[in-house]
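Architecture at a glance
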Amino acid sequence: MRAGNALSLLALSFLLIVPYAHPETGEQGWLRYAALPQQAARQYRMPQHIVATGQSAVARSAATELARGLHSMLGENFPVSSTLPGEDSFVLGTPTEIQHLLPSWNAPSAPAPEGFSLATFAAQGHHYWVLAGGTDRGELYGAFRILELVAQQKQVSPGSDAPSSPIRWVNQWDNFDGSIERGYAGRSIFFDGGHVRADLTRVSEYGRLLASVGINGATVNNVNSDLRTLDPQMIKELARIADAFRPWGVRMSLSVDLSSPLVVGHLRTFDPVDPAVATWWRNKADEIYKAIPDFGGFVIKADSEGRVGPSKYGRTPAQAANVVARALRPHGGVVLYRGFVYNNHLDWNDLKADRARAGYDNFRALDGEFDRNVIIQIKHGPIDFQVREPVSPLFAALRHTNQAIELQITQEYTGQQRHMVFLVPMWKVALDTDMRAQNRSTPVSEIVEGKSFHQPLGGFVGVANVGLDANWLHHPMAMANLYGFGRLAWNPELTTRQIIDSWTRLTFGNDPKVVFIVNGLQENSWRVYELYTGPLGIGTLTNILGIHYGPGIESAERNGWGQWFRADNKGIGMDRTVATGTGYIGQYPPELAKIYESLETCPDSLLLFMHHVPYDYVLHDGKTLVQYVYDSHYEGASLAGSYPSRWKTLHGLIDDQRYYETLGMFEYQAGHAIVWRDAVTEWFQRISGIPDKLGRVGHYPNRIEAESMQADGYTAVDVTPWETASGGKAVVCNRSAPCTLTTRLGRPDGIYSISVRYFDLRTGVSQYDLQLNGKSIAHWAANAILPPATVDPHLDGSTSTLFTVSDIRLKSGDTLTLRGTPNQAEPAPVDYIELDKQ
Ligand code: GCV
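Structural notes, computed from the coordinates. (Residues numbered from 1 in each chain as written. Predicted model: local features only at pLDDT ≥ 70, side-chain atom pairs only at ≥ 80, totals over all residues. Heavy atoms only, no water.)

**A few points about the sheet that holds strand β25 (residues 767–772)**
Across the sheet, five strands lie side by side as β20-β23-β28-β25-β26; this open sheet has antiparallel pairing. Single-partner strands in this sheet number two, and they are β20 (710–712) and β26 (775–781). Ignoring strand direction, the axes of neighbouring strands in this sheet form an average angle of 15°. (Pairing = 2+ DSSP bridges. Helix = DSSP H or I, 4+ residues; strand = E, 2+ residues; numbered from the N terminus. Axes fitted to C-alpha atoms, helices over the stretch in contact; angles between N-to-C directions.)

**Re the pairing of strand β23 (residues 739–744)**
Bridge analysis of β20 against β23 gives three bridges, and the strand direction is antiparallel. Paired with Asp-712 across the bridge in β23 is Thr-740. For β23 and strand β28 (residues 815–821), the ladder comprises six bridges, and the chain directions are antiparallel. Directly across from Cys-739, in β28, lies its bridge partner Gly-820.

**A closer look at the sheet that holds strand β5 (residues 126–133)**
Taking strand neighbours across the sheet as the criterion, the six strands line up as β2-β1-β3-β5-β4-β6 in an open arrangement whose pairing is mixed. Each end of this open sheet is capped by a strand with a single partner; those strands are β2 (80–81) and β6 (159–161). For strand β3 (residues 89–93) and β5, the ladder comprises five bridges, and the chain directions are parallel. Opposite Leu-92, over in β5, you have Leu-131 as the bridge partner. Relative to β5, helix α4 (residues 136–151) is tilted by about 120°, and along the sheet it contacts β3, β4 (116–123), β5 and β6. (Contact = heavy atoms within 4.5 Å.)

**Here we look at the pattern of salt bridges**
According to the stated counting rule, one finds 43 salt bridges in the structure shown. Here Asp-226 and Arg-228 are joined by a salt bridge, their closest N and O atoms 3.5 Å apart. For the salt bridge of Arg-703 with Glu-834, the shortest nitrogen-to-oxygen distance reads 2.9 Å. Residue Arg-703 is located in strand β19 (residues 703–705), and its partner Glu-834 is located in strand β29 (residues 830–837); the two are separated by 131 residues in the primary sequence. With a relative accessible area of 17%, Glu-834 lands in the buried category. Overlapping salt bridges, with partners in common, bring together Glu-24, Arg-32, Asp-655 and Arg-658 in one network. (Salt bridge = Lys/Arg side-chain N within 4 Å of Asp/Glu carboxyl O. Buried < 20%, exposed > 50% of the residue type's maximum accessible area, 1.4 Å probe, protein only.)

**Considering helix α12 (residues 424–432)**
Among the nine residues of α12, seven are classified as buried, and the element is accordingly described as predominantly covered. All of the buried residues in α12 are Val-424, Pro-425, Met-426, Trp-427, Lys-428, Ala-430 and Leu-431.

**Topic: the state of the cysteines**
Enumeration over the complete set of coordinates arrives at one disulfide. Each sulfur of the disulfide joining Cys-733 and Cys-739 lies 2.0 Å from the other. Between Cys-733 and Cys-739, the disulfide has an S-S torsion of 70° and is therefore right-handed. Take Cys-733: its relative accessible area is 2%, and that puts it in the buried class. (Disulfide = S-S within 2.5 Å.)

**Details of the site of the ligand**
If you check the shell around the ligand, you find 14 residues, and the closest are Glu-181, Lys-301, Arg-338, Lys-379 and Glu-412. Taking Glu-181, its side chain carries an N or O atom lying 2.5 Å from an oxygen atom of the ligand. Interatomic distance of 2.7 Å between a side-chain N/O atom of Lys-379 and an oxygen atom of the ligand. Burial of the ligand by the protein amounts to 96% of the accessible area it has alone, namely 340 Å². Residue classes in the shell around the ligand are distributed as three nonpolar, three polar and eight charged. (Near = heavy atom within 4 Å. Polar contact = N/O pair within 3.5 Å; in protein donor to acceptor, adjacent residues only side chain to side chain. Areas by Shrake-Rupley, 256 points an atom, 1.4 Å probe, with all protein chains shown as cover. Nonpolar A, V, L, I, M, F, W, Y, C, P; charged D, E, K, R; others polar.)

**Things to note about the pairing of β3**
Burial analysis of β3 places five of its five residues in the buried class, which makes it a mostly covered element. Burial along β3 is two-sided: Ser-89, Val-91 and Gly-93 facing one way and Phe-90 and Leu-92 facing the other are all buried. Examined bridge by bridge, strand β1 (residues 50–52) and β3 share three bridges and lie parallel to one another. Of the residues in β3, the one forming a bridge with Ala-52 is Leu-92.

Take a look at the structure:
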């Protein structure tokens, strides 16, 4: 594979498939570097030597990663040296370093600081592929780009690229005890038992994954920050994490509590305007930079959800952010001050109270008062990562302040990595929203890039919360969100299709059938999830007082959290209009406000976020609101129900480990989507008093309620909230011996699938045995690792689970028995059995 005189390496669409002999855990994410089919590999006529002109750890990573990836995919060895070997070579470095070795090479144009350019060059009878980075990070990003193209069997061509903005960070909400707030993939890769872990291998692997998509910063501890974070001993420990990230160009940063001068420094105050407080922050910054020279900066959550803040002293967020920023500034550090400041004790009886207003109300007046190294980190919507929200009006209100958009990769309100929800389409809607600030085009992406209002810093923050699970995020499909976040942060103009297509090829290979099915499943998954959870901008309709997972509709109402939708038996939705409501809509620039204010122009997808309307209100498509809720939930659950069979068409085309893991996830999701469907539709039917025109809601002819079966040992209990169990009831076995439920079937003879709806708690592992005419036909254990990560002892929409056995021949008069054996504090609970003719 000698280099030709150009980079025209064409190897598109080879249909040869490399058989999947080895099970894969998913730990490599999208960096699998699977061997290319020989015919495809042969098309890449590349130099076989890599020259690393730079000496930094990042420059070395660039060269060794390129060698590792090309070797793995193309099968040849790619030795790395620091001098020219007298043969065709890749040459990696900054322009100055490259010119030192190749004096006759002229840099095409200086790459942007973290950008790169790739060019060919011939000298002294050899061909060189010159990868020049604006910095060593740029080189690394260029090396990963070459590898990504080869892995997808795409052409590698000369050209250049650079990231959209300087801030491309992940946040991890990890606690020092090793738990992760809103983490759904195991324990922390950073911490355990109050300390930094001894073994940080996973941290370095995480750094590699992050770098491969251009992420350059990671805040490693929870924004609800441990008060010991800035303790001298802890800083020493934390420096080890920074060391592990450093070779990948990922700068570590920390979430800090504003009370640190008082709590850690033992001052008598943390008032930001007190000179002693300013000195304390300066000294602390000096101490940190001694231990961590490339430290990124601080993330600050203050005056929100129980965190203290400048309001304690009557000071503003700008005063608080600036005192910290001034301490970091000499070292090149930044402050990400979160715009997520709101009062969670709002008065439900006040019809003008509105949590969505908080970001704008708290920050708008401070525009221009923040120092140049302060960035306001703003969640993409004004509430809190619901399945659908409008963009925060704060983006358009800050015109003299750096901004970063905060996106949530961890699926707190979107299925907690037990449901497949590819979030890039949702993020694209936010980023592409044209705010029309100053009556001109100002899409959110350009605002946070700093382009719209000429701000020097800004960008993208993704709350990732990867954990120790081998595949990082638990659901194999969820890694597309981490990948997609990085790709969008680099270039927000990429399309959803471009992103998912690359991820699928890198993750599962280039087989056209695999690519077609996986792309299709992922691309529509947000829409599907929205269909069976929270419609029309109402919010996710999950239990907001619990773990934010299963349905729990009225938990949003009548409390101080302000996630209200103000339903009564006449209508539903928050009136946020200027005319009659909370006035929130008036926080948008006039052109956008006009669209949202009018029922005629407000998009249906945001209807209940912006307006209060009756249940028989007619949507733009001609359906009444309530009928839309019924139809969309049946449609969504049916689409989720199709995931297992669509996935099964890939059997043999994906390694068995990831195939079966994903299949199990899809089967679970299909069952849980029905819990959602039934809970939301029944709740709407009860409150509105308007029946489903198609007669589906509340009528389940194939269902046998557990409480109506003949019980031995089982007793009926009420389930709370009522809508999360069929008929509002379940049965439990409160004795140590097994209990049974029996029924005599009167169904027409035929082949059936039998589904058992039960509740899987973390408090024990109950056993279930399904018997037909006394003979066991299925046996399973309630041992799923469902959210919550903490023990939830409730029978509810979070623990409700479906087990299905297919291809069972039933005759009229058969006897069906379910035997449940409780275990520890799990009483083998059952909701219903459903028989569906196949
Ligand atoms: C880390 C939501 C989440 C909290 C999170 C908070 C935040 O309220 O439920 O777990 O706290 O957002 O973003 O600060």
